[in-house]
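# Survey of secondary and tertiary structure
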Amino acid sequence: MAEMRPTETTVLGPDTRFKGEMAFDGAAKILGRFEGTINANGEIEIGPTAKCKAVIEASSVVVDGTVEGNVTGREKVKLTANAKLHGDLIAKTLVIAEGAAFVGHCRVGPDATRANGSSSMVESKGATPEKVGARK
Amino acid sequence: MAKKKPVQRTVQCYHCENRFDVSAKAMTVSCPACNRPLMVEDVVIKTAHAVRKLQTCGRIVIQKRGRVMADLVVGQEAIEVMGILETKQAKAGTVYIRPKARWRGDCHARSVVIEAGARVTEGHFVVPDTTL
């Protein structure tokens, strides 16, 4: 695993639109619109102005904006009071603040991310941003 | 001398969703709209409880050593879990899942608070649920 560099954060500004796949070794902050897949070894922060239609997998995910897609946090997922998440959520530790909106399946605990021998259960089920939120 | 006005609170019937006022001290009442009996007091669970339905217009508090296994759990005001809750569906105003709590089941609530350390084994969350 790549060494984390917490001081280096990649920022996608509020006027940015991105479609595709992104991978980060460190931390990243999304403030604009994103569509696709995000993989990170560090922390991903979805800012208050962000609108993501994405499958997100990271060590730590903080959602302060709008996300439509499955989110996997190998360590921690945090939904702030401003967060809107429509999709399935898997995390070792989950913190949801009062006021956050969340529609989807949820699995939280030390075993949740380890299931199927993969860190991402949503990935193993072939989830795409279009498929999220549907009941199994 | 003027009579002291009894303290009242507004509750919502969990059968027909009618809102009405009851005395703050009331434990059970009948809904004036559907005439069905309602529990309006707060329920505190300290041990294991296996029931089909656990419903109240007030709060449901599952303490550290408490465990509830039920098909339906309704706490119109709030559900606070510090122990274990296993249900098919839980409906509440606000759901609090405290650090060492364990949750299994679907959750429909106006808002939810999950603290770090809580375990959610399975469940479909709908927050905020506009029908509540």
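Attention here is on the structure that accompanies the text. Keep in mind that this is a model prediction, so the values were computed, not measured.

Rules of the game
- Residues numbered from 1 in each chain as written.
- Chains lettered and ligands numbered in written order.
- Predicted model: local features only at pLDDT ≥ 70, side-chain atom pairs only at ≥ 80, totals over all residues.
- Heavy atoms only, no water.
- Helix = DSSP H or I, 4+ residues; strand = E, 2+ residues; numbered from the N terminus.
- Buried < 20%, exposed > 50% of the residue type's maximum accessible area, 1.4 Å probe, protein only.
- Contact = heavy atoms within 4.5 Å.
- Areas by Shrake-Rupley, 256 points an atom, 1.4 Å probe, with all protein chains shown as cover.
- Buried area = accessible area lost by both parts, 1.4 Å probe.
- Salt bridge = Lys/Arg side-chain N within 4 Å of Asp/Glu carboxyl O.
- Polar contact = N/O pair within 3.5 Å; in protein donor to acceptor, adjacent residues only side chain to side chain.
- Nonpolar A, V, L, I, M, F, W, Y, C, P; charged D, E, K, R; others polar.
- Pairing = 2+ DSSP bridges.
- Core = buried A, V, L, I, M, F, W, Y, C linked by side-chain atoms within 4.5 Å.
- Phe/Tyr/Trp six-rings, centres within 6.5 Å; stacked < 30°, edge-to-face > 60°.

## Things to note about the overall build of chain A
When its secondary structure is counted, chain A shows 1 helix and 11 strands. Going residue by residue from the N terminus, the α and β elements of chain A occur as β-β-β-β-β-β-β-β-β-β-β-α. Taken over 136 residues, chain A has a buried fraction of 51%. Counting only contacts in chain A whose residues sit at least 6 apart along the sequence, the fraction spanning at least 24 positions is 14%. Split by element, the accessible area of chain A, about 6,500 Å² in all, is 48% carbon and sulfur.

## Here's the deal with the interface of chain B and chain A
Counting residues at the interface gives 21 residues for chain B and 21 residues for chain A. Overall, the association of chain B and chain A removes approximately 1,600 Å² of surface from exposure, summing both partners, and the carbon and sulfur fraction of that is 52%. Our count for the contact surface shared by chain B and chain A stands at 0 salt bridges. Linking chain B with chain A are 5 residue pairs in polar contact (both at pLDDT 80 or more). If one sorts the elements of the side of chain B that touches chain A by residue count, strand β11 (residues 102-114) of chain B sits on top with 5 residues. Here the side of chain B that touches chain A is built from residues that sort into 11 nonpolar, 6 polar and 4 charged. Pairing analysis gives 4 bridges linking strand β11 (residues 101-108) of chain A to strand β13 (residues 124-127) of chain B, with the strands arranged antiparallel. Residue V103 of chain A lies in a different strand from β13 of chain B, and its bridge partner there is V126 of chain B.

## Some details on the nonpolar core
In terms of nonpolar packing, the biggest core is built from 56 residues, with L79 of chain A together with W103 and F125 of chain B touching the most fellow members. The greatest single-element share of this core, amounting to 6 residues, is contributed by strand β6 (residues 51-63) of chain A. In this structure, L79 of chain A is in contact with V63, L85, L89, V95, I96, A97, A100 and F102 of chain A, ignoring residues within four places of it in sequence.

## Here we look at the pairing of β11 of chain A
Residue and element names in this part refer to chain A. Of all the 8 residues making up β11, 6 are buried; the element is thus mostly covered by neighbouring parts of the structure. Note that strand β9 (residues 84-86) and β11 share 3 bridges and pair parallel. Looking across to β11, one finds that H86 is bridged to V103. One ladder, built from 3 bridges, connects strand β10 (residues 89-96) with β11; its direction is parallel. Counterpart to I90 in the pairing with β11 is R107.

## Remarks on the packing of aromatic side chains
Taken as a whole and assessed by the stated rule, the structure comprises 3 aromatic pairs over all chains. Here the aromatic rings of F18 of chain A and F34 of chain A are separated by 5.3 Å at their centres, their planes lie at 5°, and the arrangement is stacked. Residue F18 of chain A is located in strand β2 (residues 17-24), and its partner F34 of chain A is located in strand β4 (residues 33-40); the two are separated by 16 residues in the primary sequence. By relative accessible area, which is 2% here, F34 of chain A ends up buried. Here W103 of chain B and F125 of chain B contribute two aromatic rings whose centre-to-centre distance is 6.1 Å and whose plane-to-plane angle is 40°, an arrangement assigned as tilted. On the criterion of sequence distance, the pair formed by W103 of chain B in strand β11 and F125 of chain B in strand β13 is long-range, its members being 22 residues apart. Across the pair, exposure class does not vary: W103 of chain B and F125 of chain B are buried alike. Clustering of aromatic rings is evident, with ring pairs tying together F102 of chain A together with W103 and F125 of chain B.

## As for the pattern of salt bridges
Applying the stated rule across the entire model yields 11 salt bridges over all chains. Across the salt bridge formed by R74 of chain A and E57 of chain A, the nearest N and O atoms sit 3.0 Å from each other. Taken together, the positions of R74 of chain A in strand β8 (residues 71-79) and E57 of chain A in strand β6 put the pair 17 residues apart, joining distant regions of the chain. Given a relative accessible area of 21%, R74 of chain A falls into the partly exposed group. Across the pair R98 of chain B and E115 of chain B runs a salt bridge whose closest N-O atoms are separated by 2.5 Å. With a gap of 17 residues between them, R98 of chain B in the loop between β10 (84-97) and β11 and E115 of chain B in the loop between β11 and β12 (119-122) connect regions that are remote in the sequence. For E115 of chain B, a relative accessible area of 26% corresponds to the partly exposed category.

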